[in-house]
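Structure assessment
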Amino acid sequence: MASGFLRVQGNQIVNEDGVPMILRGAGLGGWMNMENFITGFPGHESQHREAMKEVLGHKKAEFFFDKFLENFFTAADAKFFATLGLNCIRIAFNYRHFEDDMNPRVLKTSGFKHLDRVVKLCADEGIYTILDMHALPGGQSQDWHSDNVSNYAAFWDYKDHQDRTIWLWEQIAARYKDNPWVAGYNPINEPCDPKHIRLPDFYNRLENRIRKVDEKHILFLDGNTFAMEWKGFDRILPNCAYSIHDYSKMGFPLGDPFKGIPEQIEQLEKQFVRKMEFQIKNNAVVWNGEFGPVYADPEKEDAASEINEQRYNLLETQLKIYEKHKVHWTIWLYKDIGFQGMLHTSPDSLWNRTVGPFVEKKRNLQLDAWGKYASKELEAILAPLVQWVDSVSPTAKATYPTPWSTIHHIQRAVLQTFVAQSMSLEFARLFEGMSLEELEECARSFHFDRCVQRHGLNRRLSSQNKLPN
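Per chain, the residues get numbers from 1 upward, laid out in the order the sequence is written. Since the coordinates come from a predicted model, pLDDT governs what is reported: local features require at least 70, and pairs of side-chain atoms require 80 or more to be given and counted, while whole-chain, interface and lining totals use all residues. Values shown for side chains rest on all heavy atoms present in the structure; no hydrogens or waters enter the calculation.

**Thoughts on the nonpolar core**
Nonpolar cores were defined as sets of buried Ala, Val, Leu, Ile, Met, Phe, Trp, Tyr and Cys residues, with membership established by side-chain atoms within 4.5 Å. Here the term buried applies to any residue with accessible area under 20% of the maximum for its type, exposed to any over 50%, and partly exposed to those in between, with areas from a 1.4 Å probe on protein chains only. If you look at the biggest cluster of nonpolar residues, it comprises 111 residues, and the most contacted ones within it are Leu 131, Met 342 and Phe 431. When residues in this core are grouped by element, the largest group, 7 residues, is from helix H6 (residues 159–176). A contact between two residues is defined here by any heavy atoms of the two lying within 4.5 Å. Setting aside residues up to four positions removed in sequence, Phe 431 forms contacts with Met 52, Leu 56, Trp 351, Thr 354, Val 355, Leu 439 and Cys 442. Ranked by size, the runner-up nonpolar core spans 16 residues in total, among them Cys 88, Ala 123, Val 285 and Trp 287. In this text, helices come from DSSP runs of H or I with a minimum length of four residues, and strands from runs of E with a minimum of two, each type numbered from the N-terminal end.

This is the structure in structure tokens:
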């Protein structure tokens, strides 16, 4: 039994009896909001689904995607998660499961089929869930994870996109308002408002409307610019936690390796504290909604064991910092095809055998932004273009989002948008001619019983369950 609804009290989250607790868990990404690096397709989820429908036909494609959702998270996953002593899963979802752009403000109740199921599976194991709208109408960020097929975040320039989002959250809140195992709602993942001030204004409107439907659940509000900035925020809203995301470049292929030297540890804590200055100043709850390194593949990199040990050590250092500051956290990510997840599909699975060569092709072409590897070929092609752009437009490198340099903007617009989209059908044709049984076997590749555990990662996460709440 849940001890009532969780709520915010000062800078803490407490249960109904007023006892403080720390939420520690992981993000269920790539499931109801599919991402390219998590399951292997190029580009964006909406393009992937359309390409699969074109190749397989509507009936077969719908069958496959339903089986994918069914197998990706089951009772076995919830039981495993509970054995680690973790108590919270952040469920990422795409608004398209619940509303159609061509039929706006008409609720698709079919979207709740698997969401309801997983919320209950988690509750049965004593795990809280946070409902995270990862992709919003119009795209709330310029990047792939918002299922934005361009590099323009239209959400901020069209009030109707914002109003539809509020309407949809009202529907979701009405459904879960009496469920104490839902810790709360994460209305926008990694918003990127170039003007900054529209985000807090939107939160003000959203909070007011949700509270007319649901007075109890916590709202977990991301900062601007991929949950790293708080410009324009001048107050905290009641019963709200404020979320940062805390990735370190040292956990990625193009970053410096983590050696555990004092300077690196100091840098980690400094960048973390900078992101939560707003919360500290306003005595607000801090939730670290995403963090975590990616991992090297032993089949592709000779030094994978050494690299991964460095990244486990990086993670361990970050977790110690979060414990020091009593921060709630959900690591990214629970399950994938072998890049970052706590679990991943087996290299011998039908899914991996089918998509493996294509995934390697994507890696060589840098079609996925997340954890990309160096490429001398692409550097030779793009470096002159970057140099030319910076010479004719010296302000180009300062174009929002601010963490992006000129090369990042070009890669996003050309490689990760245009080229990746052009290859959607090529990926879908890998499944051409498959029977329903073969498609189901592909989906079953993601079942807990077929997956491989990343023991080094899970051991370090599990160690956190020995810490007091």
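**Let's talk about the sheet that holds strand E13 (residues 343–344)**
Pairing within the open sheet is mixed, and its 3 strands lie in the order E12-E13-E14. Every interior strand has two partners, whereas the edge strands, strand E12 (335–336) and strand E14 (452–453), have only one. Direction of pairing for E12 relative to E13: parallel, over a ladder of 2 bridges. Counted as the bridge partner of Lys 335 is Leu 343 from E13. Two strands are counted as paired when DSSP detects at least two bridges linking them.

**Comments concerning the packing of H6 against helix H7 (residues 198–211)**
Running from N to C, H6 and H7 point in directions that differ by 30 degrees, and their axes come no closer than 10 Å. Taken together, the axes of H6 and H7 lie roughly parallel to each other. Here the hand of the crossing between H6 and H7 comes out right-handed. For the pair H6 and H7, contact is made by Lys 159, Gln 162, Asp 163, Thr 165, Ile 166, Trp 169, Glu 170 and Ala 173 and by Phe 202, Arg 205, Leu 206, Arg 209 and Ile 210, respectively. Axes here refer to lines fitted to C-alpha atoms; in helices the fit is confined to the stretch in contact. Angles between the N-to-C directions go from 0 to 180 degrees. Note on angle classes: values under 35 degrees are labelled roughly parallel, values over 145 roughly antiparallel, values of 65 to 115 roughly perpendicular, and the remainder oblique. Take the far helix as your reference; a near helix turned counterclockwise from it by less than a right angle gives a left-handed crossing, and one turned clockwise gives a right-handed crossing.

**A few points about the packing of helix H11 (residues 304–324) against helix H17 (residues 455–462)**
One can describe the packing of H11 onto H17 by two numbers: an axis separation of 10 Å at closest approach and a directional angle of 15 degrees. What the angle tells us is that H11 and H17 run roughly parallel. Considering only the axes of H11 and H17, their crossing is right-handed. Together, Glu 309, Tyr 312, Asn 313, Leu 315, Glu 316 and Leu 319 of H11 and Gly 456, Leu 457, Arg 460 and Leu 461 of H17 make up the contact between the two elements. Note that Gly is not counted as nonpolar here; it falls among the polar residues with everything else outside the nonpolar set of Ala, Val, Leu, Ile, Met, Phe, Trp, Tyr, Cys and Pro and the charged set of Asp, Glu, Lys and Arg. Residues that form the contact of H11 with H17 fall into these classes: 5 nonpolar, 2 polar and 3 charged.

**So, the environment of Leu 69**
Note that Leu 69 resides in helix H3 (residues 58–72). A relative accessible area of 8% places Leu 69 in the buried class. Residues Leu 69 and Gln 366, spaced 297 residues apart in sequence, show a C-alpha to C-alpha distance of 27 Å. Leu 69 has contacts with Trp 31, Met 32, His 97, His 114 and Arg 117, leaving out every residue within four places of it along the chain.

**Focus on the environment of Met 228**
Secondary-structure assignment places Met 228 in the loop between helix H8 (224–227) and strand E9 (240–245). For Met 228, a relative accessible area of 21% corresponds to the partly exposed category. Between the alpha carbons of Met 228 and Gln 271 there is a distance of 9.8 Å; along the sequence they are 43 residues apart. With sequence-adjacent residues up to four places away left out, Met 228 is seen in contact with Gly 223, His 245, Arg 274, Lys 275 and Pro 403.

**Quick notes on H3**
Taking 1.5 Å of rise per residue, 15 residues should cover 21 Å, and H3 covers 21 Å from first to last C-alpha, within 8% of that figure. Along H3, the residues that are buried comprise Ala 61, Phe 64, Phe 65, Lys 67, Phe 68, Leu 69, Asn 71 and Phe 72. Working rule for helices: expected span equals 1.5 Å times residues minus one.

**Here's the deal with the pattern of salt bridges**
One speaks of a salt bridge when a side-chain nitrogen belonging to Lys or Arg is within 4 Å of a carboxyl oxygen belonging to Asp or Glu. Evaluated as defined, the whole model comprises 34 salt bridges. Across the salt bridge formed by Asp 147 and Arg 96, the nearest N and O atoms sit 2.6 Å from each other. One end of the pair, Asp 147, is in the loop between strand E6 (128–135) and H6; the other, Arg 96, is in the loop between strand E5 (88–94) and helix H5 (112–124), with 51 residues separating them in the sequence. Classification of Asp 147 as buried rests on a relative accessible area of 5%. In this structure Arg 96 comes out as partly exposed when scored by relative accessible area, which is 28%. Measuring nitrogen to oxygen at the nearest pair gives 3.6 Å for the salt bridge that ties Arg 460 to Glu 316. With Arg 460 in helix H17 and Glu 316 in helix H11, this pair connects stretches of sequence that are 144 residues apart.

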